[in-house]
Each structure stands twice: as structure tokens, then as C-alpha cells.
Number of protein chains: 2
Amino acid sequence: MPTDQLSATFSALADPTRRAILARLALGETSVTELAGPFAMSMPAVSKHLKVLERAGLIARGREAQWRPCRIEVQALKPVDEWLENYRRLWEQRFDRLDDYLRELQAQEQDKEKKQGGRAKTKKEKSRGAKK
Amino acid sequence: MPTDQLSATFSALADPTRRAILARLALGETSVTELAGPFAMSMPAVSKHLKVLERAGLIARGREAQWRPCRIEVQALKPVDEWLENYRRLWEQRFDRLDDYLRELQAQEQDKEKKQGGRAKTKKEKSRGAKK
């Protein structure tokens, strides 16, 4: 059982049914019965998933005895976004470095062509020439 | 055990030690021994965490028999970022709505003040006046 909040959030998200429940709730609040419908799951199974989501603060449930509507608490996902921020910077840097490298390769190629005096024949053109 | 990739990623992130390992590896690749140091953990415990991260594709390990450096595979976090995208939009919308609501309240307040004929005294000013 995760003890810190961020671990509890990640743990709650580590299940495709729970993510599907969140996706449904992102459209608007609904009852447990309505939620259970598209998942072809028993009510206790859905309730169990809802409890995990509720403990992680990702959903909240109404207080009405008969109809306890569930709603998404989307701001509970913000810490995940903030955690990702540093890594996002890292993959953007890596992508930029790859981009620089490809530009450099291209520049070298163009430089080589210029030194060879005009446009060099490609392999394809050479083989085409040989066939004639 | 999660069966889909995104669940495996979320599950691997649902542990503070594993997130700390990723944070360390974001600074550069390192050996398991070096990794174990700051965590005051046994090598088997660290190895277990590394296996979870490796299975989720979040880290990769070198092939050298003596020194198997670990490195972060930061692009494995992109699907998490993409999954978050829809929810990010949702919390921004909610924030915008709250912002609109506050602006509306402020406008109503200003409108009320105008109708009362000029600038109304604040509570503070009234109490200051009474003290004189």
C-alpha cells in the first residue's frame, strides 16, 4: 500500500479500468450504476475501483444516500504533471540534441557536395547509368 | 501485475524509491553500487526496484559483465504526458471558469458601488472614521 500521496495517485492510475472510469467522469458526474454499465463488471468490482480512486483523491462522491454521484477531482492530477515537468525538459533537450546532430550531418553532406564541384551523383543514378 | 504498458509505467512510478532512482539517473548514467549508496538499501532491494523500472522500459542497463551502468529512458514517460493531456485541458477549463466567475463577481460589485452614487466607504475606512 503506498504511503505518500504521489505514490497513491500513480498506483490508482496503474489500472486500465480505473483510467476508463476517470475518462467517463471527465465528461460529467454520474452514478455508480451508470458507471458499471459499459464495463460489464459487477457492482462490487466497480465499487472497489472507485474506493481506490477516492482514497487517491482522484474522485469524490456525493452524500445522497440513494444516489451517490461520482465526480472527477481533476486537480489531483496536477502533482503528476508537476513531477513530469523535469523529465519533460530532459526529453525535449534530448530531442533538441538529436535535431542539432541531424542538422550538422546535413551541413557536412552539403559541404562535401560543394567540394566535389557541383552535384554528386547518387547511388541510384550511378546504377541507372550502368544499366544503359 | 499490470498487463498494458501504461499501467506498467504508472505502477513502476508508484514508489518513492523508484522515483528517486529515476531522479538520480536523470543526472547521468551510473552503476548499481553507486545507486544503492544514498538509499541505504541492500543491493538485492535496489536490484528489485531496477527490475521493475527496466520491465516498464523506464531504464536500460549496459551489457558489460562487471559494470552494468543504468540509464534513464526518458521517452518512456511520454505516454504518461500524453495521457495527462486531456485532463490538463479539463483543469485549465475549470480554472478559466473560476476566473470568469471571480471577474463577474468583481464587475457586479463595481456596478453596485456606481449605483450607490460614487465610491462607497470600506469597513476599514468607516472604523477609522469612528475612531477620530
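The rules we used
- Residues numbered from 1 in each chain as written.
- Chains lettered and ligands numbered in written order.
- Predicted model: local features only at pLDDT ≥ 70, side-chain atom pairs only at ≥ 80, totals over all residues.
- Heavy atoms only, no water.
- Patch = residues over 30% accessible without salt bridge, like charges linked within 9 Å, V, L, I, M, F, W, Y side chains within 5 Å.
- Areas by Shrake-Rupley, 256 points an atom, 1.4 Å probe, with all protein chains shown as cover.
- Salt bridge = Lys/Arg side-chain N within 4 Å of Asp/Glu carboxyl O.
- Buried < 20%, exposed > 50% of the residue type's maximum accessible area, 1.4 Å probe, protein only.
- Contact = heavy atoms within 4.5 Å.
- Buried area = accessible area lost by both parts, 1.4 Å probe.
- Polar contact = N/O pair within 3.5 Å; in protein donor to acceptor, adjacent residues only side chain to side chain.
- Nonpolar A, V, L, I, M, F, W, Y, C, P; charged D, E, K, R; others polar.
- Axes fitted to C-alpha atoms, helices over the stretch in contact; angles between N-to-C directions.
- Helix = DSSP H or I, 4+ residues; strand = E, 2+ residues; numbered from the N terminus.
- Parallel < 35°, antiparallel > 145°, perpendicular 65-115°, else oblique.

Asker: Explain a nonpolar patch on the surface to me, please; I cannot follow it from the model alone.
Answerer: A cluster of nonpolar side chains, Phe95(A), Leu98(A), Tyr101(A), Leu102(A) and Leu105(A), forms an exposed patch at the surface whose accessible area comes to about 510 Å². On the basis of relative accessibility, which here comes to 46%, the residue Leu102(A) falls in the partly exposed class.

Asker: I keep staring at the interface of chain B and chain A and nothing clicks. Help me out?
Answerer: Many descriptions give the size of an interface as the accessible area lost when the pieces come together. Across the contact, 26 residues belong to chain B and 26 residues belong to chain A. Both faces considered, chain B and chain A share a buried interface measuring about 2,500 Å² in area, 70% of it formed by carbon and sulfur atoms. Summed over the three residues of chain B that lose the most area to chain A, namely Arg19(B), Tyr87(B) and Trp91(B), the buried surface amounts to 24% of that side. Where chain B touches chain A, the interface holds four salt bridges. The closest approach of N and O atoms between Asp81(B) and Arg88(A), which form a salt bridge, is 2.8 Å. At the boundary of chain B and chain A, one finds eight residue pairs in polar contact (both at pLDDT 80 or more). Class assignment of the residues belonging to the side of chain B that touches chain A gives a composition of 17 nonpolar, two polar and seven charged.

Asker: How do you make sense of the packing of helix H3 (residues 32–39) of chain B against helix H4 (residues 43–55) of chain B when you look at a structure like this?
Answerer: A pair of packed helices can be characterised by two numbers: the angle between their axes and the separation between those axes. Residues and elements named next belong to chain B. In contact at an axis separation of 10 Å, H3 and H4 are set at 110° when each is read in the N-to-C sense. Judged on the interaxial angle alone, H4 and H3 are roughly perpendicular. Side by side, H3 and H4 meet where Val32, Thr33, Leu35 and Ala36 of the first sit next to Met43, Val46, Ser47 and Leu50 of the second. For the contact of H3 with H4, the residue count by class is six nonpolar, two polar and no charged.

Asker: Would you take a moment to explain the pattern of salt bridges for this structure?
Answerer: Any two side chains of opposite charge can pair, so long as their charged atoms come close to each other. A complete count under the given rule lists 16 salt bridges over all chains for this structure. Residue Glu85(A) pairs with Arg89(A) through a salt bridge whose shortest N-O separation is 3.7 Å. With Glu85(A) and Arg89(A) both in helix H5 (residues 78–115), this residue pair falls four residues apart, about one helical turn. In this structure, the salt-bridge partner of Lys115(B) is Asp111(B), at a minimum N-O distance of 3.6 Å. Placement of the pair is Lys115(B) and Asp111(B) together in helix H5 (residues 78–115), with a separation of four residues, close to one helical turn.

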